[in-house]
Amino acid sequence: MNKIRFSLNVLAFAAFTIALSAVAQAQATRTWVSGVGDDANPCSRTAPCKTYAGAISKTARDGEISTLDPGGFGAVTITKSITINGGGTGQGYGSILASSTNGVIVNITDAADTQKTVRLNWLDINGAPSTSPGLNGIRILAADFVHIENTHIDAFRASTAGNGNGISIDTTTAATRVFVRNTTIRGCLSNGIRANTTGANLITLIVTNSKISNSGTGIKVLNGGRVMVSGSEISRNATAGIDIEEIAGGSSIAHINGNNISFNGNGIESGAGAVEVRLSDNFIAGNAVGIQIIAGQVFSSGNNRVMGNGTDGAPNQAVVQPI
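Residues numbered from 1 in each chain as written. Predicted model: local features only at pLDDT ≥ 70, side-chain atom pairs only at ≥ 80, totals over all residues. Heavy atoms only, no water.

Colleague: So, the overall build of the protein: which residues are in play, and what are the values?
Modeller: A tally of helices and strands in the protein yields two helices and 30 strands. Across the 323 residues in the protein, those meeting the buried criterion constitute 48%. (Helix = DSSP H or I, 4+ residues; strand = E, 2+ residues; numbered from the N terminus. Buried < 20%, exposed > 50% of the residue type's maximum accessible area, 1.4 Å probe, protein only.)

Colleague: So what about unusual backbone geometry? Which residues, and what values?
Modeller: Phi is positive for Cys-43, close to 70 degrees, though the residue is something other than glycine. For Cys-43, the location among the structural elements is in the loop between strand E1 (28-33) and helix H2 (52-56). By relative accessible area, which is 1% here, Cys-43 ends up buried. The phi angle at Asn-209 is positive, at roughly 50 degrees, despite the residue not being glycine. Relative to the helices and strands, Asn-209 resides in the loop between strand E17 (203-208) and strand E18 (211-213). According to the relative accessible area criterion, Asn-209 is partly exposed, its value standing at 49%.

Colleague: Could you give an account of the confidence of the model for the protein, with specific residues and numbers?
Modeller: In this model, the protein carries an average pLDDT of 88, and 87% of its residues clear a pLDDT of 70 or more. In the predicted structure, residues 14-25 sits below a pLDDT of 50 and forms zero contacts with residues beyond four places in sequence or in another chain. (pLDDT = per-residue confidence, 0-100. Contact = heavy atoms within 4.5 Å.)

Colleague: Residues and numbers for the pairing of strand E6 (residues 94-97), please.
Modeller: The side chains of a regular strand alternate, first on one face of the sheet and then on the other. Along E6, the buried face is formed by Gly-94 and Ile-96; none of Ser-95 and Leu-97, which line the opposite face, is buried. As paired elements, E6 and strand E9 (residues 123-126) share four bridges and run parallel to each other. Among the inter-strand pairings, Leu-97 is bridged to a residue of E9, identified as Asn-126. (Pairing = 2+ DSSP bridges.)

Colleague: Lay out the state of the cysteines with the relevant residues and their values.
Modeller: By the definition in use, this model includes one disulfide. Through a disulfide, Cys-43 is tied to Cys-49; the S-S separation comes to 1.8 Å. Here the disulfide of Cys-43 and Cys-49 is left-handed, its torsion about the S-S bond being about -70 degrees. When sorted by exposure, Cys-43 lands in the same class as Cys-49, which is buried. (Disulfide = S-S within 2.5 Å.)

Colleague: A description of the nonpolar core should follow, citing residues and the corresponding values.
Modeller: Grouped together as the largest cluster of nonpolar side chains are 57 residues, with contacts concentrated most on Ile-78, Ile-167, Ile-193, Leu-205 and Ile-219. Sequence-distant contacts of Ile-78, defined by excluding residues within four places in its chain, comprise Ile-56, Ile-84, Val-104, Ile-105, Val-106, Asn-107, Ile-108, Val-118 and Leu-120. (Core = buried A, V, L, I, M, F, W, Y, C linked by side-chain atoms within 4.5 Å.)

Colleague: Go over the environment of Asp-124 with me, naming the residues and quoting the values.
Modeller: Within the secondary structure, Asp-124 is located in strand E9. When its relative accessible area of 25% is taken as the criterion, Asp-124 is described as partly exposed. In sequence terms Asp-124 and Asp-154 are 30 residues apart; their C-alpha atoms lie 8.0 Å from each other. Dropping the residues within four chain positions of it, Asp-124 is found in contact with Tyr-93, Gly-94, Ser-95, Ile-96 and His-152.

Here is the structure:
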C-alpha cells in the first residue's frame, strides 16, 4: 500500500510539473489578435486571439500584443509589463468599446516585475453610448512607467464620482510616470486627463503634441503632481483648459510651454493650495478667463500671448525673462 501511495504521489508531482511547464511554454513573447480571431487559439500570427484580455494571459511579461487587422478587442486589465500595439497607419486601430466599464486598467503590483512598464500604442478607446457610458478610458492604479501614444480616447461620460475621464491616474505607488504623446482626447464628462495621488506619492505627467477638447476640464492635476504640457491644443473644455491644484498637502508644479489654450472656461487655472505654474510661449485666447489664479504662484517667461479672453488675467509673480 505504501508503495502504491508513493507511486501516486510521484505521478501527481510529475503531472503538476508538466502542467507548470506547459503554462510557461504557452506564454509567448509576442502574441496576436484579429477581428476574426478566437480566444481559444494560441494567439500566434496564424491563429490569433479575439480580444486583448484573451491574449494577455498568453503573453509573457515584457512581451507585446500586436493587432493584425481592425476590430473590436474589448476592455482589458493589465497586471504585468506589456505592450499593446493597435496597428497604426495602414492597419487601422485596435478598438476598445468600454460600456459601463474602464477601457484599460493598469495595475502592476508584482514585486518580481522589475520594469512595471506599459506601452499603449495606436488604440481607439470609445466610451460607448450615453445609455451605458464608459467609466474611464485608461485608469492607472499602479505602475512605474505608462506610455500612451498615437491613441484616440472618446466620450467617457460616466457621472459617478471619480469617473468620466479620458485618462485617470489614481496611483498608490511612488513616482509613477505617465507619458502621453500624439494622442486625442475628447468628449469626456469630467476631465480629459486627471492626475491624482495619495500620501507621499508623486506623479509625473508629460503631455506632448496632443489634443484635448470638449471635456469638463482638459488636464487636472492634484496633490503633488509634476506636469509638463507642450506643443498641444487644449480647447473648448467647459470648466478649464489646464487646472493645477493641491488639496491634500502635496505641492503641484506645472511647466506649460508652447500650447494653444483656447475657448475654454478658464484657460489656465491655478487652484487651491501650494501650486506653482510656469508659463512659456503659450497662446491663450478666447477663454472666459485667460489666467485664473485662485491660489498659488503663476510665473511667466514674458513671451506668452494672452488676448481676446473675456478677462485676460495675468501672472501674479515677477516676469522671468528668457535667457
